[in-house]
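Descriptive analysis of the structure
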Amino acid sequence: MSNIKGIIFDLDGVLLSTDRFHFLAWKKLADRMGITFTEKDNERLRGVSRMESLEIVLSLSEKPLTLSEEEKIALATEKNDCYREYLKTLTPADVADEVRETLAELRKKGYPLAVGSSSKNTRFILSQTELTDAFDAIADGNDIKNSKPDPEVFLKAAALIGTAPENCAVIEDAEAGLEAANRGGMLSVAYASAVDCPLGKVKLHKFSDLVNMF
Ligand code: BG6
Ligand code: MG
């Protein structure tokens, strides 16, 4: 794997866990609308954009729903406002020391590092956890038209760190993200909840294993 010259990290589920906050915020909206939404349902939203996540939540409704685009945007905004309140409670302690130390080691070894996330809250999360300066570039949901499994966010991140896609590794905890990395011609590294996903070309069992992986 000596051809790997740059590393792109997904955010949610890789650098830190925001699953619980997503779940609580979607659940609040679902409860208000009389939709049953479980933690298992929440797993289907991993790596999926906010509006696509809303469609999945709405599809769980037992009564048929006819909503205009404006109404859907209002619902997604309601969820995001609630989610942002949870994000405000994040602190640097929400990022494991192992993650911080590994990022620092990789940089010391000369790899440019980027974040490639579908989340439009990426910059806020990185700022709350004081992780922004650990990266050379950030590409997120605000920078793209097509969400994962489209490779757009990773191609953008690769361009920002000046590394050809075939020389980039992507660390992902979601099936959609592994597919995006593969479609972008990058090395897909399956981690955490996606570690056994067949779409991953390489498995990462422990975050710090990255130091000696490439
Ligand atoms: C991804 C999460 O990182 O971001 C998804 O895995 C989430 O669950 C998506 O839906 C969009 O997030 P946001 O912060 O833009 O609503
Ligand atoms: Mg993720």
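Attention in this report is confined to the structure presented alongside it. (Residues numbered from 1 in each chain as written. Chains lettered and ligands numbered in written order. Predicted model: local features only at pLDDT ≥ 70, side-chain atom pairs only at ≥ 80, totals over all residues. Heavy atoms only, no water.)

Before going further, it helps to examine the coordination of the magnesium ion (ligand 2). Looking at the magnesium ion (ligand 2), the protein donor atoms are Asp10 (OD), Asp12 (O) and Asp173 (OD), and they sit 2.0 to 2.2 Å from it. Counting gaps between the donor residues of the magnesium ion (ligand 2) yields the pattern D-x1-D-x160-D. Of the residues examined, Asp10 reaches a relative accessible area of 5% and is grouped as buried. With a relative accessible area of 14%, Asp12 lands in the buried category. (Donors = N, O, S within 2.8 Å, 3.2 Å for Na, K, Ca; no water. Buried < 20%, exposed > 50% of the residue type's maximum accessible area, 1.4 Å probe, protein only.)

The subject of this paragraph is the packing of helix α1 (residues 19-32) against helix α3 (residues 50-59). Contact geometry of α1 with α3 gives a least axis separation of 11 Å together with a crossing angle of 45 degrees. Here α1 lies oblique to α3, going by the angle between them. For α1 against α3, the interelement crossing comes out right-handed. Residues Trp26, Leu29 and Ala30 of α1 touch α3, and the partners they reach there are Arg50, Ser53, Leu54 and Val57. Among the residues making up the contact of α1 with α3, the classes are represented as 5 nonpolar, 1 polar and 1 charged. (Axes fitted to C-alpha atoms, helices over the stretch in contact; angles between N-to-C directions. Helix = DSSP H or I, 4+ residues; strand = E, 2+ residues; numbered from the N terminus. Parallel < 35°, antiparallel > 145°, perpendicular 65-115°, else oblique. Left-handed = near helix turned anticlockwise from the far one by under 90°. Contact = heavy atoms within 4.5 Å. Nonpolar A, V, L, I, M, F, W, Y, C, P; charged D, E, K, R; others polar.)

Most of strand β5 (residues 187-191) sits out of view: 5 of its 5 residues are buried. Because side chains alternate across β5, one face comprises the buried residues Leu187, Val189 and Tyr191, and the other comprises Ser188 and Ala190, equally buried. Pairing of strand β4 (residues 168-172) with β5 involves 4 bridges; the strand directions are parallel. Bridge assignment links Val170 to a residue of β5, and that residue is Ser188. (Pairing = 2+ DSSP bridges.)

Next up on the list: the nonpolar core. Phe9, Leu15, Leu103, Phe135 and Phe214 are the most contacted members of the largest nonpolar core, which has 37 residues in total. Residues within four places of Phe9 in sequence aside, it is in contact with Val14, Leu15, Leu103, Leu106, Leu113, Ala114, Val115, Gly116, Phe135, Ile171, Phe207 and Leu210. With 15 residues, the next largest nonpolar core counts Ala137, Ile144, Ala158 and Met186 among its residues. (Core = buried A, V, L, I, M, F, W, Y, C linked by side-chain atoms within 4.5 Å.)

Taken in spatial order, the 6 strands of this open sheet run β3-β2-β1-β4-β5-β6, and their pairing is parallel. Among the strands making up the open sheet, the edge pair consists of β3 (137-139) and β6 (202-204). Here the strands of the sheet are splayed against their neighbours by 25 degrees on average, with no regard to which way each runs. As paired strands, β5 and β6 are joined by 3 bridges and run parallel to one another.

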